Amino acid sequence: MSGEKQFISGDEAVALAVKQAKPHVIAAYPITPQTIVVERLADYVEEGELESKYMYVESEHSALSALFGASGVGARTFTATSSQGLLYMAECLHFTSGGRYPIVMMNANRSLALPWSIFGDQRDSLSQRDAGWIQLYVENVQEAYDSIFHAYRIAEDPRVMTPVMVNLDGFILTHTYELLETLPQEQADAFIPYADYANCIKFDEENPMNIAITGGPLLNMEFRFQQQRAMNDALKVIEETDKAFGELTGRTYGGGLVEAYRCEDAEVVLLSLGSLCGTIHVVVDEYRKAGKKVGLLKLRSFRPFPVDKVAEALSGARAVGVVEKDISFGYEGAVYSEVNSALIKKGLCPLTRNYVGGLGGRNFSKEDICGMFDDLLEGAPADSVQFVNLRGDIDYGNEC
Amino acid sequence: MQEIRWHGRGGQGAFTVARLLGQAVSLYEDKYAMAFPSFGPERRGAPVLSFTRIDEDVIRDRSDVVECDYAVVLDETLFGPAVKKGLKENATVVINSVKDADAFPIEGCTVVTVDATSLALKVLGRAITNVPMLGALIAASGIADLESACKAIDTQLSERVREKNKELLKLTCDAVKERMGK
């Protein structure tokens, strides 16, 4: 059985998948470039196509607080946000992951102020690395749609019970229309059957208890230990989920954690996340045609971080470039640090370089990608952190 | 891969038509397509761009469209440097204008004009030129079948305006074909 085909945007595809996942409660506050997701969901509820309690809240902090409560009684929940909205949720991100509420969120990756910008980069979600949420990054509209189903299955797995954030590059994915194959509703229902949290602790009138409690020095670490264990177990669950989804639809995402493309014999590999992987993929094909041994490693799961899979895919490379739309000021891109750490743990020491670009929506051209491959094939630049495509016509002041 | 750049003003439907073309070829012709607007705030009346990419294979390139095969100008007041730049050699530029193509010289490119505004006023009673300019592009390029464009209109436009837009699409397509001696 196969689904129907639609020509649809990333935002619309997410809304459609959420409709099919039938959350009991949706609470969200609109923000560019996520707005279309919550507009469509509001329409679905209004038109009776989705039986869900849609809570119109006054802020992102309230949106996630509301879901904290809803998830606390065992409801399936959804929210979506972006950029400043995600930061405004920051306090509740920790509440919900610490409380082990399997909330699913879509985040439209967008730059952070100042300078004010509605355009895309990944500084919003990467800055929330330690919030205890599983973070998936998707490459295209189909993967965005499919990953909503993955997200519910992963989040609600009894071994995991941890919220999941599905990240789409703002505008580049949220506002781009392309071909989508939908999942028939019966298959969606079977893939993510709603199971009341029967064996879990929840707010229950029949069985009143106090949850989401204080945890002082006597117990706090034990909660944290379990959170860490669940996150590590999620590695396995993400893989199982990708496999099961593949059996159902024929669509897999490299095993769920990373997607390696022509890495086996590659001398140079670029690692990235999100939609940029598509452009790198095209350049890899062009370079391979010219006999240059290059590859792409797409990082799909940033948290949990798949150390083994990353190291395995990079084990033959003599140089690795990490391309990211992020910078941790005073050091380097967050993903670059993670990749270096993984390599060292596995006793690998290829040359590594960090290509920081796409900040505030700056384009990454194919020529930019060629430049990175050429750099790494021919001997790399001295500085480990390179700003890609920086304007040369600006007076940066005396220090530069 | 063929890349089409649409020039319009906010509110003229430049993105709707980019989407109509993408849907026409990907849902009804077994090709792949990507349609996207120029990203950013939306402002009525401001110059806007939108893009359609079409290929026989899956399209993965997500970088900006730098050089296009076709540029379609919904509003001739937009003709200027923004239209003339970023064109491949031998690109075709289709412009909504009462003037002849000679009035819009672009070196190395074929320019086709059609008075889509008058045709739209005649059929729709409103000067909405996105769908007729799709008809003009189809006539000038053969990039899609009229039939699949009609199917896209059937699913994308509101029922009230579907039939008239399909009529206008065909009318403009014929007008351009006649002009080009096709």
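The structure we're discussing is the one just above.
Because the structure is predicted, anything quoted here is derived from the model rather than measured.

### As for the nonpolar core
Counting residues in hydrophobic clusters, the biggest one holds 51 residues, and the most contacted among them are A:V14, A:L41, A:F78, A:I134 and A:F149. Not counting the four nearest positions on each side in its chain, A:F149 is found in contact with A:A17, A:Q20, A:A21, A:L183, A:A188, A:F191, A:I192 and A:F245. Listed in part, the 44 residues of the second largest apolar core include A:F7, B:V114, B:A120 and B:L134.

### Observations concerning the state of the cysteines
In the structure shown here, the tally under the stated rule is 0 disulfides over all chains. The closest cysteine sulfur to the non-disulfide-bonded A:C349 is located on A:C263, 18 Å from its own sulfur. Residue A:C349 is classed as exposed on the basis of its relative accessible area of 75%. There is no disulfide at B:C109, and the cysteine sulfur nearest it, in B:C68, is 8.6 Å away.

### A closer look at a negative patch on the surface
The grouping of A:E39, A:D43, A:E46 and A:E47 at the surface amounts to a negative patch. Here A:D43 lies in helix α2 (residues 35-46).

### Description of the sheet that holds strand β3 (residues 53-56) of chain A
All names here are of chain A. Across the sheet, 7 strands lie side by side as β3-β2-β4-β5-β7-β6-β12; this open sheet has mixed pairing. At either end of the open sheet lies a strand with only one pairing partner, and these are β3 and β12 (301-303). Along the sheet, successive strands turn relative to each other by an average axial angle of 20 degrees, direction set aside. Here strand β2 (residues 25-28) runs beside β3; their pairing, made up of 4 bridges, is parallel. Directly across from V25, in β3, lies its bridge partner K53.

Rules of the game
- Residues numbered from 1 in each chain as written.
- Chains lettered and ligands numbered in written order.
- Predicted model: local features only at pLDDT ≥ 70, side-chain atom pairs only at ≥ 80, totals over all residues.
- Heavy atoms only, no water.
- Core = buried A, V, L, I, M, F, W, Y, C linked by side-chain atoms within 4.5 Å.
- Buried < 20%, exposed > 50% of the residue type's maximum accessible area, 1.4 Å probe, protein only.
- Contact = heavy atoms within 4.5 Å.
- Disulfide = S-S within 2.5 Å.
- Patch = residues over 30% accessible without salt bridge, like charges linked within 9 Å, V, L, I, M, F, W, Y side chains within 5 Å.
- Areas by Shrake-Rupley, 256 points an atom, 1.4 Å probe, with all protein chains shown as cover.
- Salt bridge = Lys/Arg side-chain N within 4 Å of Asp/Glu carboxyl O.
- Lys, Arg positive; Asp, Glu negative; His and termini not counted.
- Charge placed at Lys NZ, Arg CZ, Asp CG, Glu CD.
- Helix = DSSP H or I, 4+ residues; strand = E, 2+ residues; numbered from the N terminus.
- Pairing = 2+ DSSP bridges.
- Axes fitted to C-alpha atoms, helices over the stretch in contact; angles between N-to-C directions.

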